[in-house]
Each structure stands twice: as structure tokens, then as C-alpha cells.
Amino acid sequence: MMTSNTVKENSMITKKDLNKVALRSLSMEWSWNYERQANLPYCYALIPIINKLYKTDEERAEAMKRHLEFFNTTPHLSTLLLGISTAMEEQNATEENFDTSSINNIKIALMGPLAGIGDSFIWGTLRIIATGIGISLARQGNILGPILFLLVFNIPAQGLRFFLMNAGYKLGAEFLTKIEKSGLMESLTYGAAVLGLMVIGGMTAENVSINIPIAIGSGDEATTIGDICNGIMPGLLPLAFTFVVFFLLRKNFKTTTILLLMAVLGLAGAFFGFLG
Amino acid sequence: MMTSNTVKENSMITKKDLNKVALRSLSMEWSWNYERQANLPYCYALIPIINKLYKTDEERAEAMKRHLEFFNTTPHLSTLLLGISTAMEEQNATEENFDTSSINNIKIALMGPLAGIGDSFIWGTLRIIATGIGISLARQGNILGPILFLLVFNIPAQGLRFFLMNAGYKLGAEFLTKIEKSGLMESLTYGAAVLGLMVIGGMTAENVSINIPIAIGSGDEATTIGDICNGIMPGLLPLAFTFVVFFLLRKNFKTTTILLLMAVLGLAGAFFGFLG
Amino acid sequence: MMTSNTVKENSMITKKDLNKVALRSLSMEWSWNYERQANLPYCYALIPIINKLYKTDEERAEAMKRHLEFFNTTPHLSTLLLGISTAMEEQNATEENFDTSSINNIKIALMGPLAGIGDSFIWGTLRIIATGIGISLARQGNILGPILFLLVFNIPAQGLRFFLMNAGYKLGAEFLTKIEKSGLMESLTYGAAVLGLMVIGGMTAENVSINIPIAIGSGDEATTIGDICNGIMPGLLPLAFTFVVFFLLRKNFKTTTILLLMAVLGLAGAFFGFLG
Amino acid sequence: MLQAILLALVAMLGNAEYLFGTCLLSRPLVMGTLTGIVLGDISMGVTLGATLELAFMGAFSVGASIPPEMISGTVLGTAFAITTGTGAEAALALGLPIASLVLIFKNLSMVFILPMFVHKADKYAAVGNYKGVERMHLLGGFFGVNLIIGVIVGVSFYLGSPVIQGILDMIPAWVQKGLELTMGLLPAIGFGLLMQMIMNKNVACFFFLGFALSTYLKIPVTGIAIFGAIVAIVLVQIKNQNKHAVETAGVSEGDEDDDF
Amino acid sequence: MLQAILLALVAMLGNAEYLFGTCLLSRPLVMGTLTGIVLGDISMGVTLGATLELAFMGAFSVGASIPPEMISGTVLGTAFAITTGTGAEAALALGLPIASLVLIFKNLSMVFILPMFVHKADKYAAVGNYKGVERMHLLGGFFGVNLIIGVIVGVSFYLGSPVIQGILDMIPAWVQKGLELTMGLLPAIGFGLLMQMIMNKNVACFFFLGFALSTYLKIPVTGIAIFGAIVAIVLVQIKNQNKHAVETAGVSEGDEDDDF
Amino acid sequence: MLQAILLALVAMLGNAEYLFGTCLLSRPLVMGTLTGIVLGDISMGVTLGATLELAFMGAFSVGASIPPEMISGTVLGTAFAITTGTGAEAALALGLPIASLVLIFKNLSMVFILPMFVHKADKYAAVGNYKGVERMHLLGGFFGVNLIIGVIVGVSFYLGSPVIQGILDMIPAWVQKGLELTMGLLPAIGFGLLMQMIMNKNVACFFFLGFALSTYLKIPVTGIAIFGAIVAIVLVQIKNQNKHAVETAGVSEGDEDDDF
Ligand SMILES: OC[C@H]1O[C@H](O)[C@@H](O)[C@@H](O)[C@@H]1O
Ligand SMILES: OC[C@H]1O[C@H](O)[C@@H](O)[C@@H](O)[C@@H]1O
Ligand SMILES: OC[C@H]1O[C@H](O)[C@@H](O)[C@@H](O)[C@@H]1O
């Protein structure tokens, strides 16, 4: 199984494997959905690694479930996290009592900030430069416009994708080795949970939005239920709503059911005006 | 002493006792004062419990002193805290080394947030609804206006009062039992002090106000002593003032004396213009 | 070595020594420079103490190096820190395993807040009062104007200087004795590092400024590289720049070299417009 | 005269809402109605009450900020409007300044008189005399505020509106201002007493943390309680983990972090 | 008819950028050009593409905020402008409302249809059937979005612009609004699932910490990650120091803090 | 010529306030007066000094932000106004631009020349030569700033105002801008040196904490010191409690938390 090609001493993961993942990462927005965003693409990209590291259906099922959780980041930079996940899955495959929760925690903690950086760079800078070049030619009908546009954008963007796959894997592997040596492996679990949960908390506040614009009182004293809730604690409604969903999930409600309930709630809310 | 009526297994406190406290809580703003706000009413409401739990004058004195400290929250919701205090007093009466400081700390920590929620709900929502209904009738001189106004407000408001008394007691009792079982009793003391002090710090910043508007310089460079102090640290004057009071109290100055000093300071400050 | 004049029991430092330092502190802004601000004056002021406490060149070299680090505060109040430093140097001279890093950490942690208070008081209040008095006379050509101006300012300002020297020393000595007795000496090192580093972090954010105003895109979508960086994390450029300098220093680059590089960068940045 | 006494009783009933569950008896809607009943014009009373209720809609007390004393304002405003036969405008024109004026008296009492009852209660409490404490509460509220408002309303109605206007003009502005300033200082006693009770040098820093979170970051008290709860939980966990660790030290060691 | 099919394929190619590395095939500059090629007027296609690109400059998706569906807008706008011989204004006037309309369909799909594929994938994953998961990904993207856009573009071109306008007018405003609201609710499922996986009572408070930092102090997610990393590091240090202390307890003691 | 030398000395005396306790000799009120004395018109000097003092009221240095070089501005402005017999307006019209111009030289020196003395002092310090360090301090301040200002003032007065105006026009704007930019970069050296001295991987995160508190929450340095002190106290308590716990482990256990 081990070839001279391995990236890390004694590693099962070869450079070829990493490139396979990077290639699959190209479809990172293909099955993007509102429920868990880029979860399915992320799992899809990691399948070659999962298949290589785990041989039983049970292990594979575990790993796939992990990577079907909520995921989102700037697609071209997602490989950095895929690389780290690869390194962590490998660690998990070789070490007995590795705590798998940290795989997801690290991924979650990093995806938000990475999207911040990535969206600035990819959408805010690289795209604008490419568009500037492309349009200046295209305005006169020159077909070189769209062509250059695509080249100027994609050469760095896709190059980065492959580069980050390797960088992420190396970074992850080195970090894990270091942590293993210093016996801090269980600290990783705890630290990753702290960091991951704080970021999830922040993302919940930023992404879940619900407001009840029903007015109370009239004239100068008029206010809405939403404002009253925000007066008690800003973000109280989204927080409460998320916890309702959390408890429904705990009571084994299916996500499909919850999704339908939400759609009904949203449409009814718009129709009767109690949400807005 | 134990009846089949007790709320908790082996508890001395009966449902009747709780209702007695809730009934007495009706006068929560009767002797409201600027020094310690609703302290006297709070103590008044708890006296049946204190008398039942403690039999010596010394114990009762201790308990009453505790509950004569600063207190304030939305009156209709105060029973939640009275219930918790009841549970904690009971715990104190039965357990040897219970740290009484946590009784006050918990009360303090919760009263601010509860007032925030309560004022929104009781004053901002329920009152407005009741007023809306009442006025629409009253405008035409219909006496049903004021009657409905009182009913719409009081049925939920006073109902809540009695409900929260029981809820607070149960909550407190359960929480304490749980904490006792897991041997975290002394943690409660520490945690309650941390939480309580942070909230007191915040309330001091919000409630104590003092400003020295004496101008320094003139024209564009003009500023006031108050502004300079806030430039050093926002809230420096209220903080310093509170600590002056704190040290006076420590030096056994009577609160009456301090109160009179403050009145003199306030009136002189207004007359000479050095406060404002 | 010990005289009846010593400020502290068993201390080598006499009142005369302290006054010598206060006197030397008069030149606290004489060799003020943009690289480390009032570092040279601070070291100059402490030299009598250093010479008294340490007898070998090596020890003196160590001490002087310590006090040639970055320093800045309101000059008239600097003696408070000189006093504390004196007490800490004395502690270091007498105790075996004193951690010298805390000398600088304490100095750093206090200098920022002290400057905040001092600048408000000395520049914002005392100077304005003195100027007010001086100008009202001087406007009519009365030479008493400038004379009173100098007296009203300097009597309190320089008085404070000498007072704070003694206060700082006593404070420092007492604090250290207390800490030594309670065996918290090593905590001092850690606590001082935590506090000092947080303040340095804050000062870096406030004082290091660099911006790249190169525009990306045009029209409504136009933005600058600096804005993009701030979008990723506010203060990213100054932070990154400071770390570049930090690593250059670690690679034993001379400060002169770095200074020249910065001058070239600044001038080129202004000329070509890539900084601003 | 009888009417004056009855109106005084109405006002005292209004203030007694604080004895009866803060049940909103003091609101203009109720006070106006009762005034109307006393003066024999119920419908007018209800209507004027509704008008004043609208005017005082935003007047309700939150924490230590007390609104104008609506009871006297409403009862007198309504009463004068009914007796003189003028309309809602007159009720408002009189009611509002009266409410502001009487607030001064109410505040004076809650600043000076009621604290005396509190201090007396402290003394009773110190010797375990619970009956004394109860008495202070009941009498304090009655003599400190209730009776005063009743007397003011009764006497004012008896004297008639011009006299009141005269009194209103006599009080210098700095007295009201000074009282306001004093009200800003007074909470320091309450907090000082709390600090004296709770604070020791091991936890004192959390007072400053709460204060600094409020002043530097403008976090409201509820927010501080949320952050405070998080800080408390984390520190308690550390403390327990530490204790737990010590207990297991020397024994086994494998699972000391399991519960974390 | 052939042109309609070809344009549908162009639109599907545009949407396929999400299969091919989010490579910007869907941008108006590219879509306009390809539409021009299909309709035989390359230069016009490129020029109109550039015009629409400028109009859609600020339209790009960040997180869950999806911009108007530019592909259909550009292809149909450009196509109608070329076939009717009208200019850039016509392309814009048609392209923009179409893009908004088709976005509704795209969102409907990503709200209702694609999650079905995700749930199916969950089931395959549960039994370790990785081929099933792969299939759901590939088919989901195709049937869920790609094909729909293709069909819409093809059919629309075939029917012509007046018909589309009619459809556009038929959809009630509350449906679009309701869909928007639903999109604000949906992320709660994702976060709920994450919480279910990660949260236990020892670390739950950090979820609230992150939430409160965001709502009270308006710290963006990157900032929360920075503060979170600092908190995590400090707590891990305390944990380890504690463990280390326990290990050295009873043995030697002198240096237990050296590494701190 | 003699007057030029005397004015140079006056200017140097003004700058020597930094040797004599930052005693405000450099303020226009004092400099104007002394210029008046040198030129034989004391009263005029005092009056002009007062005028310029008002103009420069807001000019004082806070941290690394240095105001216009008032000494040269005041001395030359006042001197030209007195010698040409023009009034306060002339003094201001000349004084202000001169002050801005000379600030460039002063900054240049504090950016380039004084650091050389500092580096030399570093070398002396490294071998324990305290006399060398003292010398660098005294000579640095003299040659680096004091003498330069003296020379500028003396020569300028000797040359007369038209020549100065000419020089002022010669300096390109980008030089001044570039110097400003450099001044924004330089503190990084100071902080870099501090970090090199203090920072190790166990406490590095606190640097970032301070930085992030400043940038994300706009907390000023005093506030950061307050939060920093609280964090330091809490962490030291945890550390000690931990140590204490270890010491008591195995011995008794009952009271390990008493002191908390
Ligand atoms: O703010 C809480 C509470 O404070 C005081 O007791 C009164 O102002 C009440 O009206 C209010 O509900
Ligand atoms: O914000 C991160 C990321 O979120 C989604 O995946 C899309 O909106 C991308 O365009 C974006 O880059
Ligand atoms: O800000 C502190 C301090 O910094 C520098 O030393 C000078 O600008 C002083 O005027 C100032 O008081």
C-alpha cells in the first residue's frame, strides 16, 4: 500500500489521492442546498480518501455521515479544509482513541473565517480584476474579452485549489504529529469543541433570521413583538427558533419534516404577515 | 410539621406557604424607596417562610438582614425570585455548611435580566394591549372601558405571579438537589459570586450617575471635568463615587448619614452648578 | 551601605537616590525618537540606581538593555514607573530567581493607561488653566503673564514628579514584599506577561498604521486593497507588518537596517502612491 | 369639602395599587372614571380618563426612573374640568403640570422619608423582630406616599386651581434639579451595601469586569448576566476539574477528563 | 426550435460552472458570447454580454445570499435583443426581471428538491453505500438545478417574451416573500444538526458565548474565530497544566510551572 | 547678526524645555516674550506671544503625534512682525507655515538621526558602559534636535522671510507625505523589540487578544489594561489554586478552596 510517492513517512495517502480529492472538489457548489449548503459536495470530494482509509461499511458509514454535515466556504479554497480533513481522517484510521468530533469541529471553526478571506480575495479582488480586463476588450465586441476573463480568473483560482489541497494535508499532518508527540491529543478534542461551538454560535446569529413584525400599541408607543424580543436580548428569536429545531431533531423528527414545516411557516408568515 | 401537602418530598414548605408569600408579594412596590428600592417589600413577603424555617431570633435576624438588601425587578414577576429564595433558605435551614451569600448573589444576578424581560412583557406588551382595549370603549364614555382594562391586565399578570412562585420554588429546589448530589455545593457559592458581582458591576454603571460639568478652558479647547474623567475611563466618576460610598459604609457610617450627605451634595451641586 | 536614611528597612536605596532619579527624569523627552520614543531618557534616569544595585559590567549591561526598550508616558508622571522599576530592580538584585521580564511587563502595562490619565490631567487640565491665567494678563502686554503661566504649570507638575517617584518606589516595594511573603512571586511573572502583552497588542493596534489604498475595480464596485484587508480582519495590515518586523528582528536584522527599509518604503509609498 | 375628602380617598385608592399587586388602579383611565363617579358625571369621567390615559401612555416606571405623578394629575385635572364645565384640554392643561409638581413631593419622600422606615426596619431585623419589619413596610408605604398624595389631592381640590398654580411657581428650579441629582447618587448606597456583603478580594475583579463591560462595550444588564453566567460556568468547571484531579491523583489517572 | 435547444444547452453549460470549479462560465460575459455564437452574431453577443456583466457586477453569492439567476437573464435577454434587433437597453429590460423570476425557481429547488437528494444521501451513507452518495450529488445538481434552468431557457425562448411577461405577473408577491422568509429559517436545520453532533453540557456555554459576541458586540465570524482560538488555547493550557500538576504531584514539585 | 545669534539661543532655550522637565518654555507665550526682550520690545513680544499661544492652543503632543514646531514659528513670526513693524496678523501668517515646515526637519531628525544615537547607546549598554549611554542621551537631544532648531531660527532670521518662503516652496509634497507614512511604520520596531523580549508561545495569544480587543471592539489602551488586569488576576488565581491543590493533595483536602 505504501509507495515512494507518499507525502508523509508511513502514510497511506499519496499525492495522487490528494489530487483526486482536489479534482472532485471542483463540484463544490453543484448540489449546494439551503439545508446544509455544500455538505454533499464535500463528502463527495472526500470519498476516495474514505474508501482508502476504511475498509468496512460501518467505518465508511461513520465517515460519510461526518462529512454530510453542514459545510460552506469559498469553493476555490475549500481544499485547504479537505486537506486538513484528510489528515485527520488518516489519524483517526491509525490511532485507537482519536476523538472524531474534532474532525468536524476544526472544519467548522475554519470554514467561516476562510470564507471571509476567500470571498474578499476570490470574489472581491480576483474576479474584479478579471472582469476589468475582460470587459475592456469585450465592449468592442472582441471575443478575446471573455476568453481572457476566464483565464485570468481560473489560472490562479484553480491553481490555488490544488496547492491548498497539499498545503492543508501537510499542515494537518504536521500539526497532528506535533500534538500527538506532546500528548495533547485529548486537548485537541476539547479545544476544537470550544472553538467550533463559538463559531457555530456566531454563524447561527448571522445566518438564521426570523422576525415577528406584529405591532403592539399604536402611535408613539407602537412597537413590534420582534423589537420587544430584541430588547430582551438581541437575536432572541433566531436563538429560540434554532433551539426549537435542535430539540425537534433530538426528538428524531426528520429533517424533511422540519424543512416542510419551515416552508409552511415561511409561506403562511408571508401570507398572513406574522413573519417578516 | 410535614404534611401530605408538601411540594417537595421531606420539605417543610407547603403549597400554602408559597401562596402566602405570593399574596404578600402584591405589595412589592408599596414601600419602594430610592435607597434600596423594593427591599422592604421583598423581606415582608418572605417573612412567613423565615418564621417557619428558623426558630431563634438570631437566625431570623440573619435571614431578614439578607433580604433587606437592595432589590428590584418587575413586581409581577418578583415571585420567581421569591420562590428561588424560599428554596435556598430551606436548603440553608437544613444543611450545615450552606453559604448564605449565594442566596443574595443568585437573587441579584437574576433580578436585572428578569426586569428586562418583565418590563418588556408587562409594561410594553400586556399593558399596551389592555390599554388599547380599554380606551377604545372608554372614549365613548363606556364604563366597560376601565373595567375591561383592569381585567385584561390583571388576570394574566396576577396569575403569573402565583404561577411563578411555585415555578421558582420548584426550580430552585430541583437545582439545589441536583447540585447537592453532584457535590457542587461549594461551586454554587463561587459561581454565584462571579455572576452576581458582574451584574452588580453592570447595574452600578447603569444606575449610579454623577457628572461634573465644570468647564476647563474656553472656545474650541473647552472641555469639562466630567468629559476628562470619561476620557480617562468611561464611568470613572460613578465608579469612584460608588467606592467612596462603599468605604464610608465600611467605616461604619450610617446609611442615613450618607443619604443626607448625598442630598446636600445634590442640592448644593444644583445650586452652585458643580454637578449636573 | 545602609544608612539611617533608607526608605525601606534593609534597603540599599536611599531617599537621595530616588531624588537623583527624579531629577534626571526631567529630561524625559530630550532624546525622544520615533523608534523607541522615551527609551534613552528612561534608561538615563535609572542609571544611578543601576550603578548602585549592580557592580559588574554584565549585570549593568543587562539592566540597561532592559530599560532601553520602548517607553512612553506623560513625562511629568513617568517617575511613578521609575519608582516601581527601582523597587523591582532592587528586588532583582537581592533575590536569586527573580524573573526580570516582569520589570518590563509591568512598566509596559502601566505606561499606556498612565499616559491616558496624565495627558488628560497635565495637557488637558493643568496646562489649560495655566494658559488661561497667563494669557489674560499677557494680552495687555503684561510680562507677569508668561511668568505666572510657568509657575502655575510647573509647581504642581514638577512637584508631582518628585512625589510620584517616592510613591512609585514605596508602592512597588510594598507590593513586592507582599507578593514574596505569599509566595506568589512566580505568579507575578505570568500575570505581568499576560497584562503586558495585552497592552502591547492594544498599543500596536493603535500606533502602527499602514494602509494600501490601491483601488480594485471601478465605479460602485470599487474598493481598495486596504479595505479588503480590513474586511478580512480590522487592523490586518498593521498586524502583519508588525509581525514582519518581529521576524526580521528575530533573524537578527539590525534596527538601523529596518528603520532605513521603512523610510524607503514610506517615501516610495508616497511617491508611487501604493501606501497612504 | 365632602367631595374633597372623597377625591382624596380616590387618590389614595389609586396609589394603593402598589399594595394590591401593581394592578394599574393608578392609571388615568381608572382614576378619571372614579373621579367622575364622585362628581356625579361618570361618562365624562371615563372620557376624560381615556384622554389623559393617551397623554400618559409612555409614563410608566422602569427601574428607578419614576414618571410624573399621574394620580394627582388625573384626579385634579378631571375634577376641575368637570366642575368648571371645561373640556379635555383644560384637564390636560392642569393635569400635566400638577403631575410634575407632585412627583417632586413623591420623590422627596422616597428619597428622605421612606429610607427612614427602611433604617428602622434594619434595626428591628437586627433583633429578629419580624413584626417590626412588617410594620415598617406597611406604615412606610402609607405615611411615606399614600397619605401625602391623598392630602395633596384633597387640599388642592379644596383650594382650587389658582392657588396650586401659585405654589407651582414658588419652587425654585434648582431644588428640582438638586433632587434629580440626588436620585442619581442614591443607588450607590444600595450597591455599596451589596458590595460590602458579597465582595472579597478573590472575586472583586468581577465587579470591575461587569462595570467595564457596561461602560466600554455598552452591554445591557441582561447581556452582562449572559456573559457572567458563561464566565461563572467555565470557572466552576475549572475549579471542579482541578478538585477532581486532586482527588484522583495517586489513585488512577486514566479518566480524569472524561466528564469534561 | 433548434436554437431553443441550443440555447438551453448553453444555459446548462453556464450552470455547469458549479460542476467545473466555479469557473465563472455563468457570468454574462461568457453567456452573452455563447448566445451570440448560437444566434450567429458573435460580436453582438460579446458586446451585450459586457453590458450585462456591468449590470450584474455586484451580483455574486456570498454564503446563503444568492443573486438573481444571471444565466437565464443573460441568455434570454441577449437572445431576444439579437433576434428582434433591438439594442442593449432591451437586453437589460428583459434580462433583469427574468433573472429575478428564475431565481425564485432556483431557490425553490435548493429549498425543496435538493434537500431530498441530501436526505437520500444520508440514507445511503448510513449503510456505507458510497456509490449512492456520489450518485445523489451528481444527479441532485443535474435534476435539481441544471436541467430546470435549461428547460426554462429553452421553453421561454420558444414561447417568446410576451408569454414570459404574463407568467411573471401571475406569481403573487407573498410567494416570493414567503420563500425569502423560509430561506432565513432553513440554516437552523444545518446548525441544529451540528449542535446535535458537537454539543454536550460541558461545552454548551461556548455556543452561547459565540452567539452573544455576535449579537451584542457585532463581532463578525472571523473575529469570533480569533477570540475563540484564544479562549480555546488558554483553556487547554489550564487543562494541561492541571493534568501535568497532577502527574507530578507527590513526585517532585519544583518545576511544574516551567513550561508555562 | 548678533540678534540672529541671540534668537537662535532663545529658540534653543525653548527646545531645552525637554531637558528641564517639559516645563513649557517652548510655548509661544514664553518664546514670544523672550523674542521681544531680545529685540527690545517686551510688551509687543508678550502680546504677540499671547496671540500665537491662542492659535497654538490645541497644539501639544500626545503619544507619537507631534504638533507643528511652535518654537521656530513663534520666534521668527514674532521677530519679523516686530522688526517690520507689522502686527499680529503678520506674525501668524508667517509663524504657522514656518512651524509646519520646521516640523518636517524635526521629524526627519527623530526618525533618522536620534535612532542612531539610540543604536550607539545599545552598543554601550551591551558592554555595561553607562557613561556612554548617558552621553548618547545628552548629545542626541542636543545635536539631534536642539542645535538644528537653533540654526534654523538663526539662519532664517538672518536671511529674512522671502528666502524662507522660497525654501518652503521647494520641498515636494510627497516627501512630507512619505515622512508621515514612515512615522506610522516606525512604532512597529519598538513593539517588535518588546515582543521579542516578552513573548513566548504560552502567552503569545494575549498579544492577539489585546490587538483584537482594540480593533474589533475599539477599546482604548486604558480599557485594555483594565480587562488585561482582570484576565491576569483570574488566571493567576487559577494557577495558584492549582498549585496549592497539588501541594495539599494526599495530605488533607478539606480546605483547599477556602482561600478562594
Ligand atoms: O424595572 C423593574 C421595575 O422597577 C421598579 O420596581 C418599577 O419601576 C417597576 O415598574 C419596574 O418594573
Ligand atoms: O461565503 C462562502 C461561499 O458561500 C457559498 O458557497 C457561495 O455563496 C460562495 O459563492 C461563497 O464563496
Ligand atoms: O502620550 C504620552 C506622551 O507621549 C509623548 O511622550 C509626548 O507626546 C508627551 O507629550 C505625551 O504626554
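Cut-offs and rules
- Residues numbered from 1 in each chain as written.
- Chains lettered and ligands numbered in written order.
- Predicted model: local features only at pLDDT ≥ 70, side-chain atom pairs only at ≥ 80, totals over all residues.
- Heavy atoms only, no water.
- UniProt positions renumbered as here; feature names shortened; annotations may be inferred.
- Helix = DSSP H or I, 4+ residues; strand = E, 2+ residues; numbered from the N terminus.
- Rg over C-alpha atoms; globule rule 2.2 N^0.38 Å.
- Buried < 20%, exposed > 50% of the residue type's maximum accessible area, 1.4 Å probe, protein only.
- Areas by Shrake-Rupley, 256 points an atom, 1.4 Å probe, with all protein chains shown as cover.
- Lys, Arg positive; Asp, Glu negative; His and termini not counted.
- Charge placed at Lys NZ, Arg CZ, Asp CG, Glu CD.
- Contact = heavy atoms within 4.5 Å.
- Core = buried A, V, L, I, M, F, W, Y, C linked by side-chain atoms within 4.5 Å.
- Near = heavy atom within 4 Å.
- Polar contact = N/O pair within 3.5 Å; in protein donor to acceptor, adjacent residues only side chain to side chain.
- Nonpolar A, V, L, I, M, F, W, Y, C, P; charged D, E, K, R; others polar.
- Least-squares fit on C-alpha atoms with pLDDT ≥ 70 in both.
- Salt bridge = Lys/Arg side-chain N within 4 Å of Asp/Glu carboxyl O.
- Buried area = accessible area lost by both parts, 1.4 Å probe.
- Phe/Tyr/Trp six-rings, centres within 6.5 Å; stacked < 30°, edge-to-face > 60°.
- Domains from an automatic or database assignment.
- Expected span 1.5 Å × (residues − 1).
- Bend = angle between axes of the 7 residues up to and from the residue.
- pLDDT = per-residue confidence, 0-100.

Per an unreviewed UniProt entry, chain D goes by Fructoselysine and glucoselysine-specific PTS system IIC component and derives from Longicatena caecimuris. UniProt, in the comment section headed Subcellular location (unreviewed entry), describes chain D in these words: "Cell membrane".

By the naming in an unreviewed UniProt entry, chain A is Fructoselysine and glucoselysine-specific PTS system IID component, taken from Longicatena caecimuris.

Asks: Help me get a handle on the overall build of chain D, residues and values and all.
Replies: The number of helices and strands found in chain D is 11 helices and zero strands. Listed by position from the N terminus, the elements making up chain D come as α-α-α-α-α-α-α-α-α-α-α. Expected size for 260 residues packed as a compact globule is a radius of gyration near 18 Å; at 26 Å, chain D overshoots this value by more than 25%. Taking the principal axes of its C-alpha atoms as reference, chain D extends roughly 90 × 40 × 35 Å. Across the 260 residues of chain D, 60% fall into the buried class. Carbon and sulfur atoms make up 69% of the accessible area of chain D, which amounts to about 9,400 Å² in all. A gap of 13 Å separates the mean positions of the 11 positive and 16 negative side-chain charges of chain D.

Asks: Just give me the short version of the overall build of chain A, but keep the residues and values in it.
Replies: A tally of helices and strands in chain A yields 10 helices and two strands. Going from the N terminus to the C terminus, chain A shows its helices and strands as α-α-α-α-α-α-α-β-β-α-α-α. Viewed in the frame of its principal axes, chain A has a C-alpha envelope of about 75 × 60 × 35 Å. Residues counted as buried form 60% of the 276 residues belonging to chain A. Pairs at least 24 residues apart make up 67% of the contacts formed inside chain A by residues separated by at least 6 positions. Positive and negative side-chain charges of chain A, numbering 21 and 22 respectively, have mean locations separated by a distance of 9 Å.

Asks: Summarise the nonpolar core; cite the residues concerned and give the values.
Replies: Grouped together as the largest cluster of nonpolar side chains are 493 residues, with contacts concentrated most on Tyr34(A), Met262(A), Met262(B), Met262(C), Phe206(D), Phe206(E) and Phe206(F). If we ignore the near neighbours within four places in the chain, the residues touching Phe206(D) are Tyr190(B), Val194(B), Leu197(B), Met198(B), Val231(D), Leu235(D) and Val234(F).

Asks: An account of the site of ligand 3 is requested, with residue identities and associated values reported.
Replies: The immediate surroundings of ligand 3 are formed by Glu29(C), Trp32(C), Asn72(C), Thr73(C), Thr74(C), Pro75(C), Ala115(C), Asp119(C), Trp123(C), Ser61(F), Val62(F) and Gly63(F). Close to ligand 3, residues of chains C and F are found. In this structure, an oxygen atom belonging to ligand 3 sits 2.6 Å away from a side-chain N or O atom of Asp119(C). Here Trp123(C) contributes a side-chain N or O atom positioned 3.1 Å from an oxygen atom of ligand 3. Protein chains shield 97% of the accessible area of ligand 3, which is 300 Å² for the free molecule. Residues of the shell around ligand 3, tallied by class, amount to five nonpolar, five polar and two charged.

Asks: A description of the relation of the copies chain C and chain A should follow, citing residues and the corresponding values.
Replies: Once turned by 120° and shifted 0.0 Å along the axis, chain C lies on chain A with an RMSD of 0.0 Å. Taken together, these values place the two copies in the relation of a three-fold axis.

Asks: Explain the UniProt feature "transmembrane region" (unreviewed entry) in chain A to me, and be specific about the residues and the numbers.
Replies: All names here are of chain A. Here the UniProt-annotated "transmembrane region" (unreviewed entry) positions come out as residues 114–137, 143–164, 184–205, 225–249 and 256–275. As annotated, residues 114–137 has a helix share of 100% and a strand share of 0%, and its two end C-alpha atoms lie 33 Å apart. Taken end to end, residues 225–249 is 88% helix and 0% strand, and its two terminal C-alpha atoms sit 27 Å from one another.

Asks: Pulling in residues and values, what's your account of the interface of chain C and chain A?
Replies: Between chain C and chain A, the residue contacts involve five residues of the former and seven residues of the latter. The tally of links from chain C across to chain A stands at zero salt bridges. Taken together, the connections running from chain C to chain A amount to zero residue pairs in polar contact (both at pLDDT 80 or more). For the side of chain C that touches chain A, a count of residues per class yields three nonpolar, one polar and one charged.

Asks: Explain the interface of chain E and chain A residue by residue, including any values.
Replies: Contact residues are listed per partner, giving 106 residues for chain E and 107 residues for chain A. A buried area of about 9,600 Å², summed over both sides, lies between chain E and chain A, and 76% of it is on carbon and sulfur atoms. Looking at the side of chain E facing chain A, the largest losses of area belong to His137(E), Phe191(E) and Phe211(E), adding up to 8% of the total buried there. Remark: the boundary between chain E and chain A carries two salt bridges. One salt bridge connects Arg36(A) with Asp122(E), and the closest N-O pair in it is separated by 2.6 Å. The tally of links from chain E across to chain A stands at 24 residue pairs in polar contact (both at pLDDT 80 or more). Among the secondary structure elements, those contributing two or more residues to the side of chain E that touches chain A are helix H2 (28–38), helix H3 (42–55), helix H5 (88–126), helix H6 (130–159), helix H8 (173–185), helix H9 (187–198), helix H10 (204–217) and helix H11 (221–248) of chain E. Grouping the amino acids of the side of chain E that touches chain A by side-chain chemistry returns 72 nonpolar, 27 polar and seven charged.

Asks: Can you explain the packing of aromatic side chains? Please cite residues and give values.
Replies: Here the structure, examined in full by the defined rule, presents 51 aromatic pairs over all chains. Ring geometry for Phe227(E) and Tyr216(F): centres 6.1 Å apart, planes at 55°, overall tilted. Here Tyr216(F) lies in helix H10 (residues 204–217) and Phe227(E) lies in helix H11, a pairing that spans two chains. By relative accessible area, Phe227(E) is classed as buried at 8%.

Asks: Requested: an account of the UniProt feature "transmembrane region" (unreviewed entry) in chain D, with residues and values cited.
Replies: All names here are of chain D. Here, the residues flagged by UniProt with the feature "transmembrane region" (unreviewed entry) are residues 37–59, 71–92, 98–118, 138–159, 179–199 and 206–236. The annotated region residues 71–92 carries 86% helix and 0% strand content, and the separation between its end C-alpha atoms amounts to 13 Å. Between the end C-alpha atoms of residues 206–236 the distance is 14 Å, and the span holds 90% helix and 0% strand.

Asks: Can you lay out the domain arrangement of chain D for me, pointing to particular residues and giving the numbers?
Replies: What the domain assignment lists for chain D is domain 1 (1–187) and domain 2 (200–251). Each of domain 1 of chain D and domain 2 of chain D has a C-alpha centre, and these two points are 44 Å apart.

Asks: Give a description of H5(E) that names residues and reports values.
Replies: Taking 1.5 Å per residue, 39 residues should reach 57 Å; H5(E) reaches 52 Å between its end C-alpha atoms and fits that length. Maximal helix bending in H5(E) amounts to about 40°, located at Met110(E).

Asks: Tell me about the environment of Met88(C), and name the residues and values.
Replies: Residue and element names in this part refer to chain C. Mapped onto the fold, methionine 88 is located in helix H4 (residues 78–94). The class for methionine 88 is buried, based on a relative accessible area of 4%. For the pair methionine 88 and arginine 36, spaced 52 residues apart in the sequence, the C-alpha separation amounts to 22 Å. Sequence-distant contacts of methionine 88, that is, excluding residues within four places in its chain, are made with Phe98, Ser102, Ile103, Ile106, Leu176 and Leu188.

Asks: Tell me about the confidence of the model for chain A, residues and numbers included.
Replies: Residues and elements named next belong to chain A. For chain A, per-residue confidence averages 90 on the pLDDT scale, and 95% of positions sit at 70 or higher. The least confident element of chain A, judged by mean pLDDT, is strand S1 (residues 215–216) at 84; the most confident is helix H2 (residues 39–53) at 97. Contacts of residues 1–7 to residues separated by more than four positions or lying in other chains number 16 contacts, the stretch itself having pLDDT below 50.

Asks: I'd like a rundown of the pattern of salt bridges, residues and numbers included.
Replies: Residue and element names in this part refer to chain A. Summed over all chains, the structure comprises 18 salt bridges over all chains. For glutamate 35, the salt bridge is made with arginine 36, and the minimal N-O distance between the two is 3.1 Å. According to the relative accessible area criterion, glutamate 35 is buried, its value standing at 0%. The exposure class of arginine 36 is buried, given its relative accessible area of 4%. Here glutamate 89 makes a salt bridge to arginine 66, at a shortest N to O gap of 2.8 Å. Residue glutamate 89 is found in helix H4 (residues 78–94), and its partner arginine 66 is found in helix H3 (residues 57–67); the two are separated by 23 residues along the sequence. On the basis of relative accessible area, glutamate 89 is assigned to the buried category, the value being 1%.

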